[in-house]
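These are the residues of each chain, in order.
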Amino acid sequence: MHDPDHPEIVRLRAELDSAWKGVVGLGSLDGPHRDRVVADLHTAVPDAAGRAARTAGREAVVAEIRRFADLDVAGSDPSWPAAGVWADVLETARQAACGMDEPVH
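This section reports on the structure supplied with the text. Position numbers for residues start from 1 in each chain and track the written sequence from start to end. For this predicted model, a pLDDT threshold of at least 70 governs which residues receive local features, and a threshold of 80 or more governs which side-chain atom pairs are given and counted, while totals over whole chains, interfaces and linings are taken from all residues. Heavy atoms from the whole structure form the basis of all side-chain values; hydrogens and water molecules are not counted.

1. Let's talk about the nonpolar core
Step number 1: By nonpolar core is meant a set of buried Ala, Val, Leu, Ile, Met, Phe, Trp, Tyr and Cys residues that side-chain atoms within 4.5 Å join together. Think of it in three bands: with a 1.4 Å probe and only protein chains considered, a residue is buried below 20% of the maximum accessible area for its type, exposed above 50%, and partly exposed in between. In this structure, Val61 and Trp86 are the most contacted members of the largest nonpolar core, which totals 26 residues.
Step number 2: Every helix listed is a DSSP run of H or I at least four residues long, and every strand listed is a run of E at least two residues long, numbered separately from the N terminus. Residue assignment for this core shows that the elements contributing at least two residues are α1 (7–25), α2 (31–56), α3 (58–69) and α4 (82–98).

2. Looking at α1
Step number 1: The span you would expect from a helix comes to 1.5 Å times its residue count less one. Counted at 1.5 Å a residue, the expected span for α1 with its 19 residues is 27 Å, and the 27 Å between its end C-alpha atoms agrees.
Step number 2: On the buried face of α1, the contacting elements are α2, α3 and α4. Throughout, a contact is declared for two residues whenever any of their heavy atoms are within 4.5 Å.

3. Focus on α2
In an α-helix there are 3.6 residues to a turn, and that puts residues three or four apart on one side.
Step number 1: Helix length check: α2 (26 residues) gives 37 Å between terminal C-alpha atoms against 38 Å at 1.5 Å per residue, within 8%.
Step number 2: Here α2 has its buried residues at Arg34, Val38, Leu41, Ala44, Val45, Pro46, Ala48, Ala49, Gly50, Ala52 and Ala53.
Step number 3: Looking at the buried side of α2, the elements it contacts are α1, α3 and α4.

4. Looking at the pattern of salt bridges
Step number 1: Definition used for salt bridges: Asp or Glu carboxyl oxygen within 4 Å of a side-chain nitrogen of Lys or Arg. One pass over the full model with this rule turns up five salt bridges.
Step number 2: Put simply, Asp17 and Lys21 hold a salt bridge, and the shortest N to O gap is 2.9 Å. Of the two residues, Asp17 and Lys21 are both situated in helix α1; the distance of four residues between them amounts to about one turn of the helix.
Step number 3: Two residues, Arg67 and Glu64, come together in a salt bridge whose shortest N-O distance is 2.8 Å. Linking Arg67 with Glu64, this pair stays in helix α3, spanning three residues, or about one helical turn.
Step number 4: Residues joined by salt bridges that share partners form a network here, namely Arg13, Glu64 and Arg67.

5. Remarks on the packing of α1 against α2
Step number 1: Fitted lines through C-alpha atoms serve as axes, helices being fitted only where they are in contact, and the angles separating the N-to-C directions of these axes extend from 0 to 180 degrees. In contact at an axis separation of 9 Å, α1 and α2 are set at 160° when each is read in the N-to-C sense. Classed by the angle they form, the pair α1 and α2 counts as roughly antiparallel. In this structure, α1 crosses over α2, and the sense of that crossing is left-handed. Residues Glu8, Ile9, Leu12, Glu15, Leu16, Ala19 and Val23 of α1 pack against Leu41, Ala44, Val45, Ala48, Ala49, Arg51, Ala52, Thr55 and Ala56 of α2. Roughly parallel refers to an angle under 35 degrees, roughly antiparallel to one over 145, roughly perpendicular to one between 65 and 115, and oblique to any angle outside these ranges. Should the near helix be turned counterclockwise from the far one by less than a right angle, the crossing is left-handed, whereas a clockwise turn marks it as right-handed.

Take it as geometry only, folks, not as evidence of what the structure does.
Here it is as structure tokens:
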């Protein structure tokens, strides 16, 4: 069992929470601004996951990412694929935690 109060897990949780809130609200932004925010999410969240995995352990980070995978993005703009972007952000975070050589689950 991992420590959910480990400082890096707490930081990762905050990063994931912020990213989720951002993804839900991105549909209202115009294309270039939205693209910039999505690119930032694809960098910031995996960076946090990689750091957390080095100190708190891969299993703890993957467990935290899986918790966030169950969050609904239904409140987002219906014309924008928030669910797909959210899944991509979480997958890049999982890869950063596990390393690129690990199989994708």
